[in-house]
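# A look at the structure
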Amino acid sequence: MKARRLIVVVLIAVVASLGIISTSLAAHSNFAPIPQTTTIPMLPGATTQPIKVARGYQEYPHVECNVATYTDFDDEMGTESIKYFDFATNTEHVVPGNGLEFLADTDGRRIAFTRIDVSGTEPVNRIAIYDIPSQTTTDIPVQGMDPSIGGNLIAFEHGRFEGPTSQIYVHDLNTGTLTQLTNDALLNRDPEVSSDGSVIVWQKCQLDGKGCDIYSATQTGPGVFTAPRLLTGAGEDWYPHTNGQFVVYTSDKSGENDVYFQRVGGSSEMHLSIPDEQYDPHISGNAIVFVSRVPMSTYGNSEIFLYDLSTARLYQATNTGGAAYYADVVAGCDGVDRIVYMAFGPYGDWDVHQLTFQLRDSINDQLNDLIALVQSFNLHDGTEASLITKLQDAIAAVNASATATACDSLTAFINASQAQSGKKLTADQVKQLVNAAAQIKSDLGCQ
């Protein structure tokens, strides 16, 4: 749900008891609601920071690694511009334009956005690409709007205002190839590209905007995609997002708007069975963020929540008094997990904020499981103690937010395990220990 699609959010945040989904992203089901008295924990280790608090509307932020971009609508001047925030330098920048730019997305190096071109006899929507390192802008030579960028691809909607139908087009940034992904008499909208460019998802609706389903296509080569695949059926399904492995979306098939997800290649549809309504899910790594209502809040009754696929745990991410709306997430970039979101501000309009976090409980659980694995081998006391000490050092470092130190401790554990291969440890035992430690390092974002 992006600019100009403001929908009244009437939500409640009551956690569901969900079957555990492992870090290997195995599908589980049998979801059942927890009683409404359940307290949802706040996201551990979360730190918030305003990105832009000012008059006007800072809207619909997107984030990738150390760059967040958003639309800045000046309601007094009637202009819109694209801005981006560089977390590495803690600085804000403006993308050059004509004051008619909106709906931006970023891959951390480039920003794709919609620009209204008024150079001709009639204004038309164009897709523009801003390269952050070179500070240059180029246009895609076809009308379009609402771009999503990932890997070497930009997907966008073509024809929304030019005719009764709209189609999804894909531009390859490496080759310049333009591919029409859909060609039917329906409304194809809201494309989203996975961050690696491997998968594109979108919603396809009837001409009256109803009867919406989610479709996907996978890139198999430059300019080559699998045939669009229907992922949903019953109910109205909207606003998909993908991490290249899973697709998340909103559906009303249960009688209210809830978050659902399934594998890109096909699996049982999984349902976050939370009473009342949820909207706008986004996914990165194992983190799904979405909007949900908090009872007794003061403004729009909505906060941002996060569901951790690796532990099947639900957290409340923001605590704005019910003023949070629309969020994007990036997980594990340079060891940092980050959410950007809109929140109702002091001037009566929308501002943009960020929240950094680390799912330490998930990492600690993995480390404790690895300690238990070492103990299960019944090693010589000295060997066991040496290995466990390194893992305990990693736990202490994670709890202190010292990611680099935790990574060093895990590397030392891997080296020590490999040094005992054929001695105190069998080759199979070493493989188990090294693989588990390597997975934890990956989840931490170790270099």
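Residues numbered from 1 in each chain as written. Predicted model: local features only at pLDDT ≥ 70, side-chain atom pairs only at ≥ 80, totals over all residues. Heavy atoms only, no water.

## Focus: the overall build of the protein chain
Across its full length, the protein chain carries 4 helices and 31 strands. Counting only residues that meet the buried cut, the protein chain has 55% of its 447 residues in that class. For the protein chain, the accessible surface area stands at approximately 18000 Å², while carbon and sulfur atoms represent 50% of it. (Helix = DSSP H or I, 4+ residues; strand = E, 2+ residues; numbered from the N terminus. Buried < 20%, exposed > 50% of the residue type's maximum accessible area, 1.4 Å probe, protein only. Areas by Shrake-Rupley, 256 points an atom, 1.4 Å probe, with all protein chains shown as cover.)

## What to know about the packing of aromatic side chains
According to the stated counting rule, one finds 12 aromatic pairs in the structure shown. Ring geometry for Phe 156 against Tyr 169: centres 6.0 Å apart, planes inclined by 25°, an arrangement best described as stacked. One end of the pair, Phe 156, is in strand S13 (residues 153-158); the other, Tyr 169, is in strand S14 (residues 167-172), and 13 residues separate them in sequence. The exposure class of Phe 156 is buried, given its relative accessible area of 0%. Taken together through their ring pairs, the aromatic side chains of Phe 246, Phe 261 and Tyr 307 make up a single cluster. (Phe/Tyr/Trp six-rings, centres within 6.5 Å; stacked < 30°, edge-to-face > 60°.)

## Quick notes on the environment of Gln 432
Looking at where Gln 432 falls in the secondary structure, it is placed in helix H4 (residues 427-444). Owing to a relative accessible area of 33%, Gln 432 belongs among the partly exposed residues under this scheme. For the pair Gln 432 and Val 374, spaced 58 residues apart in the sequence, the C-alpha separation amounts to 9.6 Å. Those residues in contact with Gln 432 that sit more than four places away from it in its chain are Leu 373 and Phe 377. A polar atom in the side chain of Gln 432 sits 2.9 Å from the side chain of Asp 428. (Contact = heavy atoms within 4.5 Å. Polar contact = N/O pair within 3.5 Å; in protein donor to acceptor, adjacent residues only side chain to side chain.)

## So, the sheet that holds strand S11 (residues 136-143)
Spatially, the 4 strands line up as an open sheet ordered S8-S9-S10-S11, and their pairing is antiparallel. With one partner strand each, in any of the chains shown, strand S8 (101-106) and S11 form the two edges of the open sheet. Going from strand to strand, the sheet's axes swing by 25° on average, the running direction of each strand aside. (Pairing = 2+ DSSP bridges. Axes fitted to C-alpha atoms, helices over the stretch in contact; angles between N-to-C directions.)

## Side note on the state of the cysteines
Across all of its chains, the model carries 3 disulfides by this definition. Disulfide pairing places Cys 65 opposite Cys 333 at an S-S distance of 1.7 Å. Across the disulfide from Cys 65 to Cys 333, rotation about the S-S bond amounts to roughly -45°, and the bridge is consequently left-handed. With Cys 65 in the loop between strand S4 (57-64) and strand S5 (67-74) and Cys 333 in strand S29 (residues 324-333), the pair connects residues that are 268 residues apart, well separated along the chain. (Disulfide = S-S within 2.5 Å.)

## Side note on the pattern of salt bridges
Scanning all chains against the criterion turns up 13 salt bridges. Taking the shortest distance from any N to any O, the salt bridge between Asp 107 and Arg 109 comes out at 3.9 Å. We classify Asp 107 as buried; its relative accessible area is 15%. As a salt-bridge pair, Arg 110 and Asp 107 come within 2.7 Å of each other at their nearest N and O atoms. Assigned by exposure class, Arg 110 and Asp 107 land together as buried. Each of Lys 52, Asp 72, Lys 83 and Glu 92 takes part in salt bridges that share partners, so that together they form one network. (Salt bridge = Lys/Arg side-chain N within 4 Å of Asp/Glu carboxyl O.)

## Quick notes on the side chain of Asn 257
Within the fold, Asn 257 resides in the loop between strand S22 (246-251) and strand S23 (258-263). Polar contacts involving the side chain of Asn 257 include one to the side chain of Tyr 279, which spans 3.0 Å. Excluding residues within four positions of it along the chain, Asn 257 makes contact with Trp 238, Thr 250, Ser 251, Asp 252, Asp 276, Glu 277, Gln 278 and Tyr 279.

## Considering the pairing of S5
Along any regular strand the residues' side chains alternate between the sheet's two faces. Across the 8 residues of S5, 6 count as buried, placing the element largely inside the fold. Sheet topology note: the S4/S5 ladder contains 6 bridges and is antiparallel. Residue pairing for S5: His 62 is matched across the bridge by Thr 69. Counted along the chain from S4 to the antiparallel partner S5, the turn is 2 residues long, and its residue Cys 65 has a positive phi close to 55°. Taken together, the 8 bridges between S5 and strand S6 (residues 79-86) define a ladder with antiparallel strand orientation. Counterpart to Asp 74 in the pairing with S6 is Thr 79. Remark: 4 residues form the turn of the hairpin made by S5 and S6, two consecutive strands paired antiparallel; Gly 78 in that turn has positive phi of roughly 75°.

## Regarding the pairing of strand S25 (residues 278-284)
Burial of S25 is extensive: 7 of the 7 residues sit out of reach of the surface. Of the pairings in the sheet, the one linking S25 to strand S26 (residues 287-293) comprises 5 bridges and is antiparallel in character. Looking at the pairing, Tyr 279 lines up with Val 291 of S26. What sits between S25 and S26 in their antiparallel hairpin is a turn of 2 residues, with Gly 285 showing a positive phi close to 60°.

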